[in-house]
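Structural overview
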Amino acid sequence: MRILSGIQPSGKLHLGNYFGMMRPAIELQEEGEAFYFIADLHALTTVRDPTALREYSRELAIDFLACGLDPSRACFFRQSDVPAVTELAWILSTVTPMGLLERCHSYKDKTSRGFAASHGLFAYPVLMAADILLYESDLVPVGRDQKQHLEVTRDIAIKINELYGEVFKLPEPSIRGDAATVPGLDGAKMSKSYGNTIEIFEDEKTLRKKIMGIQTDSTPVEAPKPTDDSTILGLYKLVASPGEYASMAEAFRVGGTGYGDFKKALFAAAWRHFGPMREKREAILADPAFVDAVLREGAAKANTIAEKVMARVRKAVGLAG
Ligand code: TYM
């Protein structure tokens, strides 16, 4: 089984990225042949500062490795190190109906937040389809916000197969119920573009301040607190043990504990949860050549597979004999 996923270097890694995609991806690297990449070509649609893009890419590589990506099991590379992906994106775009892209939420969402309505942003799902189909992926671990892009990928693959014979296999998304949509500080989906993120490698003081700033309702200390849709409980479930979570949920139900105390417990659990990864990150930071070597080897392997698939695609569509 081949597993593939990507993440954009468009800011610092947050809890949504980690629990929605990275942790499942890291677990899945034991289950099959994994391909994980830094989607820097996608990030170009929103990051206009070249220095920032380089920095985000590098940090993302370090952070993913610190979180447990094992380069001896998973092929880890930068999307732009495999030029075939843009060639495939073009070929796919020639069969992609405009209506399919017009229906995508993420374009409408991003332009409504002020991002330039560029062709790249509009065609974003086609490049993502190319990422997935280029490596003949079976399973794609993502958060719920990417589900529609997986459907677009399947539609494009079906279209190519109808036109040119069996060129691609159809990938399946893998979306974890417990972390499909991790809530942010304001209770909405945690997202870089909403400014409501909690970064996983935040320093202690900032992490505490952010968690203490989670928006809550005005239920008095002594009263029972609503557990449904509670951001504190939703996040605590991810970073605490099942027993700790059950006790906090019970304390919500019986009342007598204020939100401030719950937030303190959430901070303590979050800080503890990422402790081992912070340590690993320090070790990786001390050895910059390691990251370069991982990405170089990853790119070489990814290019070998990409070229094999592209030879088949070029032949199927008539670009090669
Ligand atoms: P990106 O960079 O926006 O996010 C990376 C991954 O994090 C997940 N995620 C979340 N999951 C749960 N709750 C949240 N609050 C949350 N916020 C982010 C996203 O669902 C995603 O899985 N288009 C992709 C990158 C990409 C890609 C691909 C993914 C490019 N090519 C091919 C898979 C396969 C994106 O923008 O992810």
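Preceding this section is the structure that the text describes.
This section reports on the structure supplied with the text. (Residues numbered from 1 in each chain as written. Predicted model: local features only at pLDDT ≥ 70, side-chain atom pairs only at ≥ 80, totals over all residues. Heavy atoms only, no water.)

Here's the deal with the overall build of the protein
Each helix and strand in the protein was counted, giving 15 helices and five strands. Rg of the C-alpha trace for the protein: 21 Å, near the compact-globule value of 20 Å for 321 residues, within the 12% margin. Along the longest, intermediate and shortest principal axes, the C-alpha atoms of the protein span 75 × 45 × 35 Å. Split into buried and exposed, the 321 residues of the protein put 50% on the buried side. When contacts within the protein are restricted to residue pairs at least 6 apart in sequence, those whose partners lie at least 24 apart make up 77%. Of the roughly 14,700 Å² of accessible surface on the protein, a fraction of 53% belongs to carbon and sulfur atoms. (Helix = DSSP H or I, 4+ residues; strand = E, 2+ residues; numbered from the N terminus. Rg over C-alpha atoms; globule rule 2.2 N^0.38 Å. Buried < 20%, exposed > 50% of the residue type's maximum accessible area, 1.4 Å probe, protein only. Contact = heavy atoms within 4.5 Å. Areas by Shrake-Rupley, 256 points an atom, 1.4 Å probe, with all protein chains shown as cover.)

Here we look at the site of the ligand
As a matter of local geometry, the ligand sits amid 28 residues, with Gln 8, Tyr 124, Asp 131, Asp 145 and Val 182 nearest to it. At 2.7 Å from a nitrogen atom of the ligand is found a side-chain nitrogen or oxygen belonging to Asp 131. Between the ligand and the protein, one listed contact pairs a nitrogen atom with a backbone N or O atom of Met 190 at 2.9 Å. Relative to its unbound accessible surface of 720 Å², the ligand loses 96% to contact with the protein. Looking at the shell around the ligand, the elements that each hand over two or more residues are strand S1 (2–7), helix H1 (15–28) and helix H8 (124–134). (Near = heavy atom within 4 Å. Polar contact = N/O pair within 3.5 Å; in protein donor to acceptor, adjacent residues only side chain to side chain.)

Quick notes on the layout of surface pockets
Considered as a void within the structure, the largest pocket measures approximately 1,000 Å³ in volume. Taken together, 46 residues make up the lining of the largest pocket; nearest its centre are Gln 8, Asn 17, Asp 145, Gln 146 and Lys 189. Only S1, H1, helix H6 (105–112), H8 and helix H9 (147–164) provide two or more residues apiece to the lining of the largest pocket. Looking at the lining of the largest pocket, its residues break down into 16 nonpolar, 21 polar and nine charged. (1 Å grid on protein atoms, 1.4 Å probe; cavity = no way out; pocket = protein on both sides within 12 Å on 5 of 7 lines; lining within 4 Å. Points joined across faces, edges and corners; volume = space filled by probe spheres on them. Nonpolar A, V, L, I, M, F, W, Y, C, P; charged D, E, K, R; others polar.)

Regarding the packing of aromatic side chains
Evaluation of the coordinates by the stated rule reveals 12 aromatic pairs. Ring pairing ties together the aromatic residues Phe 35, Phe 37, Phe 77 and Tyr 135, which thus form one cluster. Geometry around Tyr 259 places Lys 225 over its ring, the cationic atom sitting 5.8 Å from the centre. Above the plane of the ring of Phe 201 lies Arg 281, whose end atom (NZ or CZ) is 4.9 Å from the centre. (Phe/Tyr/Trp six-rings, centres within 6.5 Å; stacked < 30°, edge-to-face > 60°. Lys NZ or Arg CZ within 6 Å of the ring centre and 35° of its normal.)

Considerations on the state of the cysteines
By definition, a disulfide links the sulfur atoms of two cysteine residues through a covalent bond. Taken as a whole, this structure holds zero disulfides when the rule is applied. A disulfide-free cysteine, Cys 67 has its sulfur positioned 19 Å from the sulfur of Cys 75, the nearest such atom. Cys 67 gets classed as buried once you look at its relative accessible area, which sits at 8%. The class for Cys 75 is buried, based on a relative accessible area of 5%. (Disulfide = S-S within 2.5 Å.)

Some words on the environment of Leu 69
For Leu 69, the position within the fold is in the loop between helix H3 (50–66) and strand S3 (74–78). Among the residues examined, Leu 69 registers a relative accessible area of 2% and is labelled buried. In contact with Leu 69, other than residues within four places in its own chain, are Ile 26, Gln 29, Tyr 36, Phe 64, Ala 74 and Phe 76.

Comments concerning the pairing of strand S2 (residues 33–38)
Within S2, five of the six residues are buried, leaving the element largely enclosed by the surrounding structure. Bridge count for S1 against S2 is six bridges, and the pairing is parallel. From the neighbouring strand, Gly 6 faces S2, where its bridge partner is Phe 37. Tracing the backbone out of S1, into H1 and back to the parallel element S2 gives a crossover that is right-handed. Where S2 meets S3, five bridges bridge the pair, whose relative direction is parallel. (Pairing = 2+ DSSP bridges. Right-handed = clockwise from strand over helix to strand, strands pointing away.)

This is a description of form; function is not addressed.
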